[in-house]
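# Residue-level structural notes
Here is how the chains run, residue by residue.
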Amino acid sequence: MSNRKWTFILIPVFLLFAWLLFQFTLSSFQIHQFAELLKTVSPKDGVSATKVVLISQELDNYYWRSIEQGARKEAEQYGMRLDYIGPDRINPSEQVKLLDKAIASKADAILVQGINDPEYRRLIDKAAGLGIPVITIDTDEPDSRRLAYVGTDNEGAGKRMGALLAKASGERGDIGVMISSERVENQRLRLAGFRSVIGRYPKLRIVEIRSSNISRLQAAQQAQNMLTRYPQIRFMVGFSALDGLGILEASERRGARNLQIFAFDDMAETLKAIRDCKIELTIVQQPEEMGAKSIKLLNDYLKGNTPQELTYTRIYEMHADTPDNMTGDDRR
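Here we summarise the structure given alongside this text.

Calculation rules
Residues numbered from 1 in each chain as written. Predicted model: local features only at pLDDT ≥ 70, side-chain atom pairs only at ≥ 80, totals over all residues. Heavy atoms only, no water. Helix = DSSP H or I, 4+ residues; strand = E, 2+ residues; numbered from the N terminus. Buried < 20%, exposed > 50% of the residue type's maximum accessible area, 1.4 Å probe, protein only. Contact = heavy atoms within 4.5 Å. Areas by Shrake-Rupley, 256 points an atom, 1.4 Å probe, with all protein chains shown as cover. Polar contact = N/O pair within 3.5 Å; in protein donor to acceptor, adjacent residues only side chain to side chain. Pairing = 2+ DSSP bridges. Axes fitted to C-alpha atoms, helices over the stretch in contact; angles between N-to-C directions. Core = buried A, V, L, I, M, F, W, Y, C linked by side-chain atoms within 4.5 Å. Expected span 1.5 Å × (residues − 1). Arc of directions from axis to C-beta. Salt bridge = Lys/Arg side-chain N within 4 Å of Asp/Glu carboxyl O. Right-handed = clockwise from strand over helix to strand, strands pointing away. 1 Å grid on protein atoms, 1.4 Å probe; cavity = no way out; pocket = protein on both sides within 12 Å on 5 of 7 lines; lining within 4 Å. Points joined across faces, edges and corners; volume = space filled by probe spheres on them. Nonpolar A, V, L, I, M, F, W, Y, C, P; charged D, E, K, R; others polar.

## Observations concerning the overall build of the protein chain
For the protein chain, the count of helices and strands is 10 helices and 12 strands. In the protein chain, which comprises 332 residues, the proportion classed as buried is 48%. Contacts spanning at least 24 positions in sequence make up 70% of the contacts within the protein chain whose residues lie at least 6 apart. Carbon and sulfur atoms make up 52% of the accessible area of the protein chain, which totals about 17300 Å².

As structure tokens, then:
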């Protein structure tokens, strides 16, 4: 009687155990099937096949956010995953560290700004040696093993600014120049191009060059110091986005009504100042185009195509009489 009693007790336990084992096996099989399904999902279904890291010069700078926007839109078309990183403030040493981390994270491709630094070039070469293509964007690093450069011809942009100022000035007068930082390669290139043109005119003279450190406040302070020291300045040039607005603030404080200001980039306040005839003109770059073309070039490369080494994006100048509805190709 005792054995029969135990039998009746054990049978339900055994059946429960068998049912649980069956459910576990079924769940494991379903999970395995789901995992296999994920492996076969195409990039268009939302799974990124390629991890691209974009390292900016300054994380929340509007210009770099525009580059990110262009790159992200294009990356979505190809099913790529874009990771956007950068220092909180301009810091070339931090850019070097971030590049090192991107390589260590086994990124499939990296987009970086050139900074003309030996350690940076070494890391780009290291990435290339590991099979990670690196595209420089906005500013080139030509002595490295970077795959290609996409961005403004910065020296050419500086020459264009020089030609515009020479024409507006009648080829004579004293000039003050503002750059964002002496450490930024694109600023050095623009300044070099500008000097090469201004140097052709004996009656045009650059009296001083100062740095704003990518700060509108500092741009205004440095411009005011220049105008105080050289009240005869009639032309001032800013080679980064905040410089023109800083110069305008300084000129209004000083009451420098005859000062002609030449700016860079198309911030909303800069365009308004041009329409109000407070800034003479600005040279406009195409940051979204830089981001988009970099990703397209990368996608072509990953498909086996050899990219061209240099892809220069458009620039154009905007004056007070430039129609708002004209395209970048038409604005002159």
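From this point, things continue past the structure.
## Looking at the side chain of Thr282
In this structure, Thr282 sits in strand E10 (residues 281-284). A distance of 2.7 Å separates a polar atom in the side chain of Thr282 from the backbone oxygen of Asp265. When neighbours within four sequence positions are excluded, Thr282 is seen to be in contact with Ala263, Phe264, Asp265, Thr270, Leu271, Ile274, Tyr316, Glu317 and Met318.

## Considering the sheet that holds strand E5 (residues 148-151)
Note on sheets: strands pair through backbone hydrogen bonds, and any given pair is parallel or antiparallel. Strand order in the open sheet made by the 6 strands is E2-E1-E3-E4-E5-E11, with parallel pairing throughout. With one partner strand each, in any of the chains shown, strand E2 (80-85) and strand E11 (310-312) form the two edges of the open sheet. Strand after strand, the sheet turns through a mean of 20° between neighbouring axes, direction not considered. Sheet analysis places strand E4 (residues 134-137) next to E5, joined by 3 bridges and oriented parallel. Opposite Ile137, over in E5, you have Val150 as the bridge partner. Strand contacts of helix H2 (residues 62-77): strand E1 (50-55), E2 and E4, with the helix running at about 170° to E2, the strand carrying the most contacts.

## Points about the nonpolar core
Formed by 21 residues in total, the largest nonpolar core has its most connected members in Val52, Leu54, Trp64, Ile67, Leu82 and Ile295. Elements represented by at least two residues in this core include exactly E1, H2, E2, strand E3 (109-112), E4, E5 and helix H10 (287-302). The residues contacting Trp64, other than those within four sequence positions of it, are Leu54, Ile55, Ser56, Gln57, Glu58, Tyr84, Gln113, Ile137 and Asp138.

## With respect to helix H4 (residues 118-129)
Taking 1.5 Å of rise per residue, the 12 residues of H4 would be expected to cover 16 Å, and the 16 Å separating its terminal C-alpha atoms lies within 8% of that figure. Every buried residue belonging to H4 is among Tyr120, Arg121, Leu123, Ile124 and Ala127, and all of these are buried. In an axial view of H4, the angular spread of the buried residues amounts to 160°, which keeps them on one side of the axis. Residues of H4 that are exposed and angled more than 90 degrees away from the buried face: Pro118 and Gly129. Residues of H4 that are buried in the fold lie against helix H3 (92-104), E3 and E4.

## Examining the pattern of salt bridges
Summed over the entire model, instances satisfying the criterion amount to 22 salt bridges. Across the pair Glu249 and Arg216 runs a salt bridge whose closest N-O atoms are separated by 2.7 Å. Separated by 33 residues along the polypeptide, Glu249 in helix H8 (residues 243-254) and Arg216 in helix H7 (residues 216-229) bring together distant segments of the chain. The salt bridge involving Lys278 is made with Glu252; its shortest N-O contact spans 3.7 Å. Note that Lys278 is positioned in the loop between helix H9 (268-275) and E10 and Glu252 in helix H8, a separation of 26 residues in sequence. For Glu252, a relative accessible area of 47% puts it in the partly exposed group. Among the ionic contacts, a cluster of salt bridges with common partners joins Asp60, Arg65, Glu68 and Arg72.

## Regarding the pairing of E2
The pairing of E1 with E2 spans 6 bridges and is parallel. By the bridge assignment, Val52 is partnered in E2 with Leu82. Viewed along the sheet, the connection from E1 through H2 into E2 turns out right-handed.

## Section: the sheet that holds strand E8 (residues 235-238)
The mixed open sheet is built from 6 strands, whose spatial order is E7-E6-E8-E9-E10-E12. Only two strands of the sheet have a single partner each, and these edge strands are strand E7 (204-211) and strand E12 (316-318). Strand-to-strand twist of the sheet, defined as the mean angle between neighbouring strand axes without regard to direction, takes the value 20°. In this structure, E10 lies alongside E12, joined through 3 bridges in antiparallel fashion. Its bridge partner lying in E12, Thr282 is registered against Met318. Lying over the sheet, helix H6 (residues 185-198) contacts strand E6 (173-179), E7, E8 and strand E9 (260-264), oriented at roughly 170° with respect to E7.

## Let's talk about empty space enclosed by the protein
Summed over the entire model, instances satisfying the criterion amount to 2 cavities of 30 Å³ or more. Contributing to the lining of the largest cavity are 17 residues, with Gln57, Asn61, Tyr63, Ser240 and Ala241 lying nearest its centre. Listing elements by their share of the lining of the largest cavity, those giving two or more residues are H2 and H6. When residues of the lining of the largest cavity are assigned to their parent elements, the largest contribution, 3 residues, is made by H6. Its residues placed into classes, the lining of the largest cavity shows 7 nonpolar, 7 polar and 3 charged. Estimated volume of the second largest cavity: approximately 40 Å³. Every residue along the wall of the second largest cavity is listed here: Gln57, Ile90, Pro92, Gln95, Gln113, Gly114, Ile115, Arg183, Val184 and Glu185. Residue composition of the lining of the second largest cavity, grouped by class: 4 nonpolar, 4 polar and 2 charged.

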